[in-house]
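Letter by letter, the chains look like this.
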Amino acid sequence: MSQLSERLAALSPSETLAMSQKSNELKAQGIDVINLSVGEPDFNTPGFIKEAAKKAIDDNFSFYSPVPGYLSLRKAIVAKLKKENGLDYTPEQIVCSNGAKQSVCNVLLSIIDAGDEVIVPAPYWVSYVEMVKLAEGTNVVVEAGIEQDFKITPAQLEAAITPKTKALILCSPSNPTGSVYSKDELKGLADVLAKYSNIIIIADEIYEHINYIGKHESIAQFDSIRDRVVIVNGVSKAYAMTGWRLGWIAAPQWIASACNKLQGQYTSGPSSIAQKAAEAACLGPQDCIATMRKAFERRRDLMVKLCSEIPGFKVNQPQGAFYLFPDCSYYIGKTIDGQTINDSADFAMFLLEKAHVAAVGGKAFGANDCIRFSYAAADEQLIKAMQRIKAVLEGV
Ligand code: PMP
Ligand code: GLU
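Everything in this summary refers to the structure shown in the same document. (Residues numbered from 1 in each chain as written. Chains lettered and ligands numbered in written order. Predicted model: local features only at pLDDT ≥ 70, side-chain atom pairs only at ≥ 80, totals over all residues. Heavy atoms only, no water.)

1. Topic: the pairing of strand E6 (residues 200–204)
Each regular strand shows side chains that alternate between the opposite faces of the sheet. In terms of burial, E6 is largely enclosed, as five of its five residues are buried. What you see with E6 is no split at all: Ile 200, Ile 202 and Asp 204 on one side and Ile 201 and Ala 203 on the other are buried throughout. Two elements, strand E5 (residues 165–171) and E6, share five bridges in a ladder whose sense is parallel. Residue Cys 171 lies in a different strand from E6, and its bridge partner there is Asp 204. With helix H8 (residues 183–193) bridging E5 and its parallel neighbour E6, the resulting β-α-β unit is right-handed. (Buried < 20%, exposed > 50% of the residue type's maximum accessible area, 1.4 Å probe, protein only. Helix = DSSP H or I, 4+ residues; strand = E, 2+ residues; numbered from the N terminus. Pairing = 2+ DSSP bridges. Right-handed = clockwise from strand over helix to strand, strands pointing away.)

2. Let's talk about the site of ligand 1
In the vicinity of ligand 1, 13 residues are found, and the nearest of them are Ala 100, Asn 175, Asp 204, Tyr 207 and Ser 236. Residue Tyr 207 places a side-chain N or O atom 2.6 Å away from an oxygen atom belonging to ligand 1. At a separation of 2.7 Å, an oxygen atom of ligand 1 approaches a polar side-chain atom of Ser 236. Bound to the protein, ligand 1 loses 93% of the 390 Å² it would expose on its own. In terms of residue count, helix H5 (residues 99–111) provides more of the shell around ligand 1 than any other element does, three residues in total. The residue makeup of the shell around ligand 1, split by class, is six nonpolar, three polar and four charged. (Near = heavy atom within 4 Å. Polar contact = N/O pair within 3.5 Å; in protein donor to acceptor, adjacent residues only side chain to side chain. Areas by Shrake-Rupley, 256 points an atom, 1.4 Å probe, with all protein chains shown as cover. Nonpolar A, V, L, I, M, F, W, Y, C, P; charged D, E, K, R; others polar.)

3. Quick look at the sheet that holds strand E13 (residues 360–361)
Strand order in the open sheet made by the three strands is E9-E14-E13, with antiparallel pairing throughout. Lying at the two open borders of the sheet, with one neighbouring strand each, are strand E9 (323–324) and E13. Sheet topology places E13 next to strand E14 (residues 371–374); two bridges connect them, and they run antiparallel. Residue pairing for E14: Gly 361 is matched across the bridge by Ile 371.

4. Quick word on the site of ligand 2
Taken together, Ser 14, Thr 16, Leu 17, Val 38, Gly 39, Lys 101, Trp 125, Asn 175, Tyr 207, Lys 237, Tyr 323 and Arg 372 make up the full set of residues adjacent to ligand 2. Within the side chain of Lys 101, one N or O atom sits 2.8 Å away from an oxygen atom of ligand 2. Between ligand 2 and Lys 237 there is a distance of 3.1 Å, counted from a nitrogen atom to a side-chain nitrogen or oxygen. Coverage of ligand 2 by the protein chains reaches 89% of its 280 Å² of free accessible surface. Partitioning the shell around ligand 2 into residue classes produces five nonpolar, four polar and three charged.

5. Remarks on the nonpolar core
Counting 134 residues, the largest nonpolar core has Ile 219, Phe 313, Phe 373, Met 386 and Ile 389 as the members making the most contacts within it. Per-element tally for this core: the top contributor is helix H11 (residues 287–308), with nine residues. (Core = buried A, V, L, I, M, F, W, Y, C linked by side-chain atoms within 4.5 Å.)

6. Concerning unusual backbone geometry
Backbone torsion omega between Ala 122 and Pro 123 reads 0 degrees, so that peptide bond is classified as cis. Within the secondary structure layout, Pro 123 lies in the loop between strand E3 (117–122) and helix H6 (126–134). Looking along the chain, the bond that leaves Ser 172 and enters Pro 173 is cis, with omega of -10 degrees. One non-glycine residue, Glu 136, adopts positive backbone phi at about 65 degrees. Looking at the element boundaries, Glu 136 is found in the loop between H6 and strand E4 (138–143). The backbone of Arg 245 sits at a positive phi, close to 60 degrees, despite the residue not being glycine. Counting through the fold element by element, Arg 245 comes out in the loop between strand E7 (229–234) and strand E8 (247–250).

Right under this line is the structure:
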């Protein structure tokens, strides 16, 4: 008999991290695997941020920080929100955590009771639905296929709302699709949400700065819902700091206070050194962001072109993040090289074993027709990866 709690037994492991680990294991065996599975910038953290961290060590930032993070960091985040997003917050409304991942989870654990419904547009980032399960909530998945650029409509949102709806999780720019909601599209969703005053909107904006269509639009800009929006953001993607583990929320006071209470019993404030590094990132020169974004945009164009040339792949034109999410349903149900492809996870495993390219099957993102490639990798790697995939799928 398993000794595990029901909570844990029901939890699925993170497929993004699992595929990445599998790829690293094969690499350790000497196999030349190209890892396009996990989503993280392939750049090093900018020098001025590393210097700030070294200085923090020398200046003895070695004690517990306040639970929601140093006031100086929270002030820097407040200034960022004002300058870049035109939004007013106080430092008390900011809670810093061990990555945006913990930020999302804190919010869900703070507001969801057993049986509460959370609307999750699919394709979704793998961890949302698992976090909702951890909070004993019920996922209400709203599907948006490639034909609607993977974005839900106001009518779809309204149809999913019930008296039990407690929250919506909206991710733009999106992981795994790269789709970006325009201001008009966000306004359409906000107009629906304005009618339902109990719904909290969790706006995951971790890819804010990896946006190829210009200014980032936040759903928090609409006054009709503003007091119910929780913005989630962090330094992982914009500043190539995934390993530093620093994310935050900007939230209505009652949610920020709840997350503060939860975090105080659970993990305390995040790493003092990472906080000082994040503060430097927010206040320092921002040209590193543009440099990385330009590289990602060039790779987006490359990947769209290369993937479009693979027979059976249908491709959208992502406007942000660093993922391409082609529809590969043509291959599902086929037997290739004696291997039956029952679903997108099988397809990803086939590509790993035969082409030595690691990707993540769309199933984990609630879209079994698709497969996710992270193009946060060198151009030559992307070219080689797509050549290998094309070769193993030849004639199928
Ligand atoms: N949200 C989305 C959509 C993501 O892709 C990620 C990446 N892991 C996160 C949140 C969490 O980011 P982190 O915990 O590294 O700040
Ligand atoms: N967000 C990244 C991804 O989707 C990192 C891995 C994770 O935390 O899931 O690949």
